Amino acid sequence: MSNEQIPFLDLVTVHRELQDEFVEILKTALNSAGFIGGPMVQGFEEDFAKFCDSRFCVGVGSGTDALRFALIATGIQSGDIVLTVPNTFIATTEAISQAGAQPDFVDIEEQTYNMDPGNLRQYLEKQCLWDSGAKRAFSKRTGKPVMAVIPVHLYGQMADMDPILDLATQYNLKVIEDACQAHGAEYFSKKENRWRKAGSMGHAAAFSFYPGKNLGACGEAGAITTDNEDVARSCRMLRDHGQSKKYYHDIEGYNGRLDAIQAGFLRTKLRHLKKWNGQRRDIALRYNTLLAGSEGGVTLPYQPDWSRSVYHLYVLRVADRAQLQKRLDEAGVSTGIHYPIALHLAKAYEGLGFRVGDFPVAETAVSQILSLPMFPGLTSQQQDRVVAEVLESLAAVPVSGSR
Ligand SMILES: Cc1ncc(COP(=O)(O)O)c(C=O)c1O
């Protein structure tokens, strides 16, 4: 077999192809000194809102900013509980803490790795007391009010939003979608009998444009989408030191603006996103076909019929992950683990008092998941080599039968 290195992600080729357009954007910014705000930011916000079927888009400095501002703008404050899943990037829970609230967790579905609506219901029914006067569920464990839920659309696939939104209505919760990995993902809402875009279903949603995302900047960037004009206005103030007009600060805010040059780059790249997401889907489908029926107890990504994933990541699950990753590494195939520690067990959250076994589905998943190379432009030959290495490695491992 060839020993060509196969990257996990190729961010060079795509930008080389767009270089001329990017140079023009740089020249526009340099010639107008338009580095902060202005038409490039506004233009991108309009285009991205349209792409997400959302009324408003507010460009910010990162996905973490987007989550933090969306939480604050929807009314989350000190002493509140915000629910999310344990198997997300720490930015989700950082934003909750930075908004003054406390994260609490709901375990995930075995197959999709996203929030299990059944577990959300159980949490609200069994682990909370409903105060009908305050119209609020209070956590029995902490005594704090549960104010919001952040479903994370992990790996490019949306969470099962219909039942999550129903529970949110029933329990008076705000819903902030963490769509940082899900630009363009879709969900078929049985309630509405139509496909809905990531970022259009909650009270607000957060997107990251970190370079490796499906829509990535050439630096840091993020955005909030929302249909709510007040939330959008509030996010615009929060990103800009709380000012409604220059030097008139209605509240304390942050320095969390979207850089104009990044907005220009993102606007150009947005025009290609549908095509790139299509390429990711084709690659995922091909991985599925080539790996189907393989030995060694591998579990392939699961896409329910209500989901159109954009495959930010292609994630396998195997009992002996270390062995498979080592073998691929020796063969020059780069892989990743997203993410290796369920957050309730992260050192940063020791103070919250969780234990091993509290969220068993997430805990087992994080010990077995492995992300294979996935990016538009991954060639069939490269993919064949990845698959051949995976199959050989799996064939060498006795099947344990357990996951
Ligand atoms: C699920 C999730 N949430 C939040 C973030 C934070 O985004 P950023 O890195 O742009 O702050 C990321 C990005 O890595 C993410 O994957």
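Scroll up a little and you will see the structure.
Since the structure is predicted, the reported quantities are computational estimates derived from the model, not experimental observations. Along each chain, numbering runs from 1 in the same order as the chain's sequence is written. Local features are withheld for residues below a pLDDT of 70 in this predicted model, meaning they are given only at 70 or higher, and side-chain atom pairs are given and counted only at 80 or more; totals for whole chains, interfaces and linings count all residues. By convention in this description, side-chain values take in all heavy atoms of the structure and omit both hydrogens and water.

Novice: Outline the sheet that holds strand β14 (residues 307–308), supporting the account with residue identities and numerical values.
Specialist: Strand order in the open sheet formed by three strands is β9-β8-β14, and the pairing between neighbours is antiparallel. Across the chains shown, the open sheet's two edge strands, defined by having one partner strand only, are β9 (194–197) and β14. In this description, strands pair whenever DSSP reports at least two bridges between them. Working definition: helices are DSSP H or I runs of at least four residues, strands are E runs of at least two. Numbering for both runs from the N terminus. Across four bridges, the pairing between strand β8 (residues 186–189) and β9 is antiparallel. Looking at the pairing, Tyr187 lines up with Arg196 of β9.

Novice: An account of the site of the ligand is needed here, citing residue identities and associated values.
Specialist: In the vicinity of the ligand there are 15 residues, among which Gly63, Thr64, Asp178, Ser208 and Lys213 approach most closely. Within 3.5 Å is the distance limit for a polar contact, defined as a pair of N or O atoms, with the added protein rule that one can donate a hydrogen and the other accept it, and that residues adjacent in sequence qualify only through two side-chain atoms. Asp178 places a side-chain nitrogen or oxygen 2.8 Å from a nitrogen atom of the ligand. Accessibility throughout is a Shrake-Rupley quantity obtained with a 1.4 Å probe, and a residue counts as covered only by protein chains that appear here. Here the ligand loses 93% of its free accessible area of 390 Å² to cover by the protein chains. Within the residue set of the shell around the ligand, elements represented by two or more residues are α4 (63–73) and α5 (91–98). No other element matches the three residues that α4 contributes to the shell around the ligand. Here a residue is near a molecule or strand as soon as one of its heavy atoms is found within 4 Å of it.

Novice: Can you break down the layout of surface pockets residue by residue, with the values?
Specialist: Cavities and pockets are found on a 1 Å grid laid over the protein atoms alone: a cavity is a set of points where a 1.4 Å probe fits but cannot escape, a pocket is an open set with protein on both sides within 12 Å along at least five of seven lines, and a lining residue has an atom within 4 Å of such a point. Grid points are joined across faces, edges and corners, and a volume is the space filled by probe spheres set on the points. Computed from the structure, the largest pocket encloses a volume of approximately 540 Å³. Around the largest pocket, the lining comprises 29 residues; the ones closest to its centre are Phe89, Ser208, Tyr210, Lys213 and Tyr339. Considering every element that reaches the lining of the largest pocket, the biggest residue donor is α4, with three residues. Basically, the charged four are Asp, Glu, Lys and Arg, the nonpolar ten are Ala, Val, Leu, Ile, Met, Phe, Trp, Tyr, Cys and Pro, and anything else, Gly included, counts as polar. Class assignment of the residues belonging to the lining of the largest pocket gives a composition of 15 nonpolar, ten polar and four charged.

Novice: Break down the nonpolar core for me, with residues and values.
Specialist: Ranked by internal contacts, the top residues of the largest apolar core, which has 71 residues, are Phe44, Phe48, Leu120, Leu124 and Phe209. Among the elements that make up this core, the one with the highest residue count is helix α9 (residues 260–291) (eight residues). Setting aside chain neighbours within four positions, we find Leu124 in contact with Ala137, Val146, Leu167, Tyr171 and Leu173. Judged by nonpolar contacts, the second largest core, of 27 residues, contains Phe69, Ala73, Ala204 and Leu238. The definition of a nonpolar core used throughout is a set of buried Ala, Val, Leu, Ile, Met, Phe, Trp, Tyr and Cys residues joined through side-chain atoms within 4.5 Å. Each residue gets one of three labels from its accessible area relative to the maximum for its type: buried under 20%, exposed over 50%, partly exposed in between, using a 1.4 Å probe on protein chains only. By definition in these notes, contact holds between two residues if any of their heavy atoms fall within 4.5 Å.

Novice: Outline the packing of aromatic side chains, supporting the account with residue identities and numerical values.
Specialist: Aromatic pairing here means that ring centres of Phe, Tyr or Trp (its six-membered ring) are within 6.5 Å. Orientation follows from the plane angle: under 30 degrees is stacked, over 60 is edge-to-face, and everything else is tilted. Counting across every chain of the model gives 17 aromatic pairs. Plain terms: the ring middles of Phe89 and Tyr339 are 5.7 Å apart, the flat faces sit at 35° to each other, and that makes the pair tilted. Of this pair, Phe89 sits in the loop between β2 (81–84) and α5 while Tyr339 sits in the loop between α10 (321–330) and α11 (360–368), and the two are 250 residues apart along the sequence. Owing to a relative accessible area of 16%, Tyr339 belongs among the buried residues under this scheme. Residues Tyr113 and Tyr155 carry aromatic rings whose centres are separated by 5.8 Å and whose planes lie at 70° to one another, so their mutual orientation is edge-to-face. Here the residue Tyr113 occupies a position in the loop between β3 (102–105) and α6 (117–126), and Tyr155 occupies one in the loop between β6 (145–149) and α7 (161–170), the gap between them amounting to 42 residues. Overall, the relative accessible area of 7% leaves Tyr155 in the buried class. The rings of Phe44, Phe48, Phe51, Phe207 and Phe209 are connected pair by pair, giving a single aromatic cluster. The rule for a charge over a ring is simple: NZ of Lys or CZ of Arg within 6 Å of the ring centre, and within 35 degrees of the ring normal. Directly above the ring of Tyr254 sits Arg68, whose terminal nitrogen or CZ lies 5.1 Å from the centroid. Taking the ring centre of Tyr248 as reference, the NZ or CZ of Lys245 above it sits at 4.7 Å.

Novice: Describe helix α3 (residues 39–51), and please don't skip the residues or the numbers.
Specialist: A helix's residues, less one, multiplied by 1.5 Å, set its expected span. In a regular helix each residue adds 1.5 Å, so 13 residues correspond to 18 Å; α3 covers 18 Å between its end C-alpha atoms and thus fits that length. Every buried residue of α3 is accounted for by Met40, Val41, Gly43, Phe44, Glu45, Phe48, Ala49 and Phe51. Immediately downstream of α3, the backbone of Asp53 shows phi near 55°, a positive value.

Novice: Would you mind going over helix α2 (residues 19–32) in detail, with residue names and values included?
Specialist: Between its terminal C-alpha atoms α2 stretches 20 Å, which fits the 20 Å expected from 14 residues at 1.5 Å a residue. Inspection of α2 places Phe22, Ile25 and Ala29 among the buried residues, and these make up the whole buried set. End-on, the buried residues of α2 take up no more than an arc of 55°, which puts them together on one face. The exposed set on the far side of α2, more than 90 degrees from its buried face, consists of Asp20, Leu30 and Asn31. Looking at the packing, one finds that the buried side of α2 touches α1 (12–17), α3 and α9. A positive phi of about 50° marks Ala33, the residue just after α2. Taken from the helix axis, the directions to the C-beta atoms give the arc we talk about.

Novice: Go over the packing of α4 against α5, please, and point to the residues and values.
Specialist: Fitted lines through C-alpha atoms give the axes, limited to the stretch in contact for helices. The angle between two N-to-C directions lies from 0 to 180 degrees. Remark: α4 packs on α5, axes separated minimally by 8 Å, with the N-to-C direction vectors making an angle of 40°. One way to sum up the angle between α4 and α5 is to call them oblique. Remark: the crossing between α4 and α5 carries right-handed chirality. Taken together, the residues of α5 that come into contact with α4 (itself represented by Thr64, Leu67, Arg68 and Leu71) are Ala91, Thr92, Glu94, Ala95, Ile96 and Gln98. The labels follow the angle: roughly parallel below 35 degrees, roughly antiparallel above 145, roughly perpendicular from 65 to 115, and oblique for the rest. Throughout, a crossing is termed right-handed when the near helix is turned clockwise from the far one, and left-handed when it is turned anticlockwise from it by less than a right angle.

Novice: Outline the side chain of Asn214, listing residues and values.
Specialist: Here Asn214 is to be found in the loop between β10 (204–208) and β11 (222–226). With relative accessibility at 4%, the residue Asn214 sits in the buried group. Among the polar contacts listed, one links the side chain of Asn214 to the side chain of Asn277, at a separation of 2.9 Å. From its side chain, Asn214 meets the backbone oxygen of Val310 in a polar contact 3.0 Å long. When sequence neighbours within four positions are dropped, the list of residues in contact with Asn214 reads His183, Leu273, Trp276, Asn277, Arg280, Val310, Tyr311 and His312.

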